[in-house]
Amino acid sequence: MYVEVDKELLKKRYREISARLEELKKLKILLQKRREELERLVKEFRDRIWNFLKSVESEFKGQEIEIRKTVLEQLKNIIEFVDEFMHKFIREFSGRWDILAGEILGKVSELEEKLVEDRQFIMRLMEELKKTGKDCLRVTCPHPDEHRTVARILGESAPKELVKNRTGFNSYCICLDCLHQFEADLRDEKVNEWRFWYGFPSFKEAFRSPKPPEMKDERKCPKCGSKNVKTVFELLWKPCPKCKEGMIVEIETGIIS
């Protein structure tokens, strides 16, 4: 499986990732500001309570001694209660906020790390495309994380139509006239089950549709122009096109290769 990219697509994806990283940076700054705002609100709340209690005390200064004594004793009890309550409240409230902020920052850091890796990956593809001097590049999607590679290049929420137009499946091919070996997305190939597994084309399109599958690449040798081209799977159990003596056989090398 591959993803086909060009300069404009890579530049657009680079801008998207950079913009998302900038958004995450702003989110981290916002969390810090909210933490500072929380501390300020708690301090204001505590100061208002102390000011209220002081005003009550001053209001009873001119009263009889017994009344004043009662007020002061009760205020002392209230102050002790408020002091203990505020200490516990601040510790509990701040602790819960720190847990929330810590979990958010953890997720943000994970996403940042992934996006930085994706941006570096896009930069490498841009360099590789530049070196080839071609208009487009087919990026191989290693098994079994093909769809992760597609998401890195096209985006997690890429439209289905974009994914369909930009992805495909290359087969190993050989020209039977000049023996040039190359890769091509030949969607009329009907003996490679992997092609149907990836959906290029689907089994239905290949065998139950009144129309042949729409070709991605022409069955033509890029070196000599001959149309006498076969895929490796189409040559199984047939004589070697070079020596004419040996037989092409299939050897399983493992689930992931």
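Residues numbered from 1 in each chain as written. Predicted model: local features only at pLDDT ≥ 70, side-chain atom pairs only at ≥ 80, totals over all residues. Heavy atoms only, no water.

**Looking at the overall build of the protein**
Where we set the bar: The helix and strand labels rest on DSSP assignments: H or I over at least four residues marks a helix, E over at least two residues marks a strand, and numbering proceeds from the N terminus. Atoms counted for the radius of gyration: C-alpha only. Globule rule: 2.2 Å times the number of residues to the power 0.38. Whether a residue is buried, partly exposed or exposed follows from its accessible area with a 1.4 Å probe, protein chains only, as a fraction of its type maximum: under 20%, in between, or over 50%, in that order. Contacts were defined at the residue level, with two residues in contact if any of their heavy atoms lie within 4.5 Å.
In terms of helices and strands, the protein carries six helices and six strands. Relative to the globule expectation of 18 Å for 257 residues, the C-alpha radius of gyration of the protein, 35 Å, shows a markedly less compact shape. Based on the C-alpha atoms only, the size of the protein along its principal axes is roughly 120 × 35 × 35 Å. For the protein, the residues scored as buried account for 30% of the 257 residues in total. Here the analysis covers contacts within the protein between residues at least 6 apart in sequence; of these, 66% occur between residues at least 24 apart.

**Topic: the environment of Phe203**
Following the sequence through the fold, Phe203 ends up in helix H6 (residues 203–207). In this structure, the C-alpha to C-alpha distance between Phe203 and Lys114, residues 89 residues apart in sequence, is 35 Å. Ignoring any residue separated from it by four or fewer positions in sequence, one finds Phe203 in contact with Phe196 and Arg208.

**Brief notes about the environment of Gly168**
Relative to the helices and strands, Gly168 resides in strand E3 (residues 167–168). Taking relative accessible area as the criterion, Gly168 reaches 0% and is therefore assigned buried. Sequence separation between Gly168 and Lys216 is 48 residues, and the spatial gap between their C-alpha atoms is 8.2 Å. Excluding its chain neighbours within four sequence positions, the residues that come into contact with Gly168 are Met1, Tyr2, Asp185, Arg187 and Phe200.

**A few points about the pairing of strand E5 (residues 181–184)**
Cut-off, in case you're wondering: DSSP calls a pair of strands paired once it identifies at least 2 bridges connecting them.
Of the two faces of E5, only one is covered, namely that formed by Phe182 and Ala184; the face formed by Gln181 and Glu183 stays uncovered. Between strand E4 (residues 171–175) and E5, which pair antiparallel one after the other, the connecting turn spans five residues, and Leu179 there sits at a positive phi close to 65°.

**Points about the pattern of salt bridges**
Should their charged atoms come close, side chains of opposite charge can pair. We count it as follows: Here, a salt bridge means any side-chain nitrogen of Lys or Arg that lies within 4 Å of a carboxyl oxygen of Asp or Glu.
By the definition in use, this model includes 21 salt bridges. Salt-bridge contacts for Glu23 lead to Arg20; the nearest nitrogen and oxygen are separated by 3.0 Å. Highlighted residues: Glu23 and Arg20, both in helix H1 (residues 7–59), separated by three residues, approximately one helical turn. For Arg20, a relative accessible area of 34% puts it in the partly exposed group. Among the salt bridges present, the one from Asp185 reaches Arg195, with a minimum N-O distance of 2.7 Å. Taken together, the residues span a long stretch of sequence, with Asp185 in the loop between E5 and helix H5 (193–198) and Arg195 in helix H5 at a distance of 10 residues. The exposure classification of Asp185 matches that of Arg195, with both residues buried. A single network of salt bridges, built from pairs that share partners, joins Lys114, Asp118, Arg148, Arg152 and Glu156.

**Notes on the sheet that holds strand E6 (residues 229–231)**
As a reminder of what qualifies: Between the N-to-C directions of two axes lies an angle of 0 to 180 degrees, each axis being a line fitted to C-alpha atoms and, for a helix, fitted only over the stretch in contact.
As summarised here, the arrangement of the three strands in space is E5-E4-E6, forming an open sheet in which the pairing is antiparallel. Of all strands in the sheet, those bounded by a partner on one side alone are E5 and E6. Geometrically, the sheet is characterised by an average inter-axis angle of 40° between neighbouring strands, direction not taken into account. Examined bridge by bridge, E4 and E6 share three bridges and lie antiparallel to one another. Each residue of the ladder has a partner; that of Cys173, found in E6, is Thr231.

**Concerning the side chain of Arg152**
Applied cut-off: Within 3.5 Å is the distance limit for a polar contact, defined as a pair of N or O atoms, with the added protein rule that one can donate a hydrogen and the other accept it, and that residues adjacent in sequence qualify only through two side-chain atoms.
Structurally, Arg152 can be placed in helix H3 (residues 146–154). From its side chain, Arg152 meets the backbone oxygen of Glu117 in a polar contact 3.2 Å long. When residues no more than four places from it in sequence are discounted, the contact partners of Arg152 are Arg13, Glu117, Asp118, Phe121 and Ile122.

**Let's talk about the nonpolar core**
To keep it simple, the criterion reads: For this analysis, a nonpolar core means a set of buried residues of the types Ala, Val, Leu, Ile, Met, Phe, Trp, Tyr and Cys, connected via side-chain atoms within 4.5 Å.
Counting residues in hydrophobic clusters, the biggest one holds 24 residues, and the most contacted among them are Val3, Val5, Leu10, Leu125, Val139, Ile153 and Leu154. With six residues, the top contributor of residues to this core is helix H2 (residues 65–132). Other than its neighbours up to four places away in sequence, Leu10 contacts Val5, Ile122, Leu125, Met126 and Leu129. Core analysis: the next-biggest nonpolar cluster, separate from the first, contains seven residues, Phe182, Ala184, Leu186 and Val229 among them.

**Examining the side chain of Arg195**
By relative accessible area, Arg195 is classed as buried at 0%. One polar contact links Arg195 to Asp185, side chain to side chain, over a distance of 2.7 Å. Filtering out sequence-adjacent residues up to four positions away, Arg195 remains in contact with Phe169, Asn170, Ser171, Ala184, Asp185, Leu186, Arg187, Glu189, Phe200 and Pro201.

**Observations regarding the packing of H2 against H3**
So the rule is basically this: The scheme is simple: roughly parallel for angles under 35 degrees, roughly antiparallel for over 145, roughly perpendicular for 65 to 115, oblique for anything else. In this count, Pro and Cys sit with the nonpolar residues alongside Ala, Val, Leu, Ile, Met, Phe, Trp and Tyr, while Asp, Glu, Lys and Arg are called charged and the others, Gly among them, polar.
Running from amino to carboxyl end, H2 crosses H3 at an angle of 80°, the nearest separation of the two axes being 9 Å. It follows from the interaxial angle that H2 and H3 lie roughly perpendicular. Contact residues: H2 offers Lys114, Glu117, Asp118, Phe121, Ile122 and Leu125, while H3 offers Arg148, Thr149, Arg152 and Ile153. Residue composition of the contact of H2 with H3, grouped by class: four nonpolar, one polar and five charged.

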